[in-house]
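# Structural description and commentary
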Amino acid sequence: MSINNDGQYLPDNQAPIDPTSGQSPVDPSPKKPRSPWIAVAIATAAVVCIGGLGTAALAELTSAPKSTSSSLQNTYGTFGRGSTFGQGQGGGNGLQSGGQAIGQQATAGETPAVAATGAQEVGLVTINTVLDYDSDQQAAGTGMILTSSGYILTNNHVIADSTNISVTVESTGKTYKATVVGSDTTADVAVLKLAGASGLTPVTFAPSEKVAVGQSIYSVGNAEGTGRLVTAVGTVGAINQSLTIGSDDGSPSEHLTGMIELQSDVVSGDSGGALFDTKGRVIGMVTAASSGGNPVTGDAINIAQVLKAANAIRSGATSSDIQYGTPAFAGINISSTPSTTAGVPVASTFPGMPAAKAGIVEGDTITSVNGVAVTTATQLSSDIRTFKVGQTVTIAWVDASGVAHSAPVTLVAGPAS
């Protein structure tokens, strides 16, 4: 797979195939609890990932200390993925009818977001997800069309924890069901495939463009998750910036380098959207934004880095950073309360999922998988990671009254990692 001189992807290759099994690879990694994503700019300022705009529980918006980035001083806030940005303490940008953005004040070279034109919508999609099999838990983001046959590029955090993904091609209004081809969590890049798509118009990439401070840019995204693309005009404030993106559940942080800092009105839901130069070529993927202060700043991953990760995913490369498909899943939520029995305590199980069908319930303690004793949540996750979707494993557990049980459990496809 390569890009021609016009920045367009050349014709598709087939989906990656595992040379051993002859099947598309699936990484059987365990489900991680859904948790807030927080991005922090190293030694400069705090920013927030702006991917999933949830319609379920509100996350807390808390103010953070003022810090200086270049000549700009801002007060920032943080918010959790899967929450409604712009509500609760701290405020933020909102979208009114007619596509006009309100909230944070634009600065020189930066204008409030307005409804995207038809030409600006070409090659872009809006993404809606259902989280953790619960239709009441939803999130939204943006993506870019990679190929005419329906490969889509977005941030990994846009589709994290999703169990159903629908994608609307905004230039045609047609909606498709999407599956996860693979994701690189360290690069915060994911590639999706639309079912039954053909004849789509991809965006034009400019992976070799040298981005400069002060350069005029504009971004297009699904601001506030309304399903209507908006355009924000601004300038490049800095280049080669570093961000550390992590979650509050204690999972490893992701360190992103070579980031483009934007003086641009980007908000929650814009994640995965395109950062364009004045010629309409994509030079970055919008990933994070400031919150709770003026002026508005954002961050985009340089498109050369994004495409490098996407190329590796689509080629089927073997990498510890890449997860293919969706992980195997038993449907167990781990409790943070220690158990009196050696093993891993169960907080709950997902209705209709394998663990629930096997009879595992809240208050039980998982003691082994396929005869191998487990004593920590990390070990249990590591053991499940060795299996694939469709494989059957034997899970042993002890119930709250101390009675031991064991049952075969056939793993299903879980939430995206």
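Quantities reported herein were computed from a predicted structural model and do not represent experimental measurements.

### Considerations on helix H5 (residues 377–385)
- Residues of H5 that are buried: Leu380, Asp383 and Ile384. Down the axis of H5, the sector holding all buried residues measures 95 degrees, keeping them to one side.
- Turning to H5, the residues buried within the fold contact strand E23 (328–329), strand E24 (332–334), strand E25 (344–349), strand E26 (365–369) and strand E27 (372–373).

### Examining the nonpolar core
- The biggest cluster of nonpolar side chains holds 32 residues, and the ones touching the most others in it are Leu124, Met144, Leu153, Phe205, Val282 and Ile303.
- Of all the secondary structure elements, the ones that give two or more residues to this core are strand E12 (151–154), strand E15 (189–194), strand E16 (216–221), strand E18 (254–263), strand E19 (274–276), strand E20 (282–289), helix H3 (303–315) and strand E22 (322–324).
- Ranked by residues supplied to this core, first place goes to H3 with 6 residues.
- Listed in part, the 19 residues of the second largest apolar core include Ile360, Leu380, Phe387 and Val409.

### Structural notes on the pairing of strand E11 (residues 134–145)
- Pairing of strand E10 (residues 124–131) with E11 involves 8 bridges; the strand directions are antiparallel. Residue pairing across strands places Ile127 opposite Gly141, the latter belonging to E11.
- Counting the residues in the hairpin turn of E10 and E11 gives 2 residues, including Asp132, whose phi is positive at 55 degrees.
- As paired elements, E11 and E12 share 2 bridges and run antiparallel to each other. Paired with Ile145 across the two strands is Ile152, which belongs to E12.
- Here E11 folds back onto E12 in antiparallel fashion, the turn holding 5 residues, of which Gly150 has a positive phi close to 105 degrees.

### What to know about unusual backbone geometry
- The phi dihedral of Asp161 falls on the positive side, at around 70 degrees, and the residue is not glycine.
- With respect to the helices and strands, Asp161 occurs in the loop between helix H2 (156–159) and strand E13 (162–169).
- Positive phi, normally seen in glycine, also occurs at Asn370, with a value near 50 degrees.
- Using a relative accessible area of 39% as the deciding quantity, one classes Asn370 as partly exposed.

Rules of the game
Residues numbered from 1 in each chain as written. Predicted model: local features only at pLDDT ≥ 70, side-chain atom pairs only at ≥ 80, totals over all residues. Heavy atoms only, no water. Buried < 20%, exposed > 50% of the residue type's maximum accessible area, 1.4 Å probe, protein only. Helix = DSSP H or I, 4+ residues; strand = E, 2+ residues; numbered from the N terminus. Arc of directions from axis to C-beta. Contact = heavy atoms within 4.5 Å. Core = buried A, V, L, I, M, F, W, Y, C linked by side-chain atoms within 4.5 Å. Pairing = 2+ DSSP bridges.

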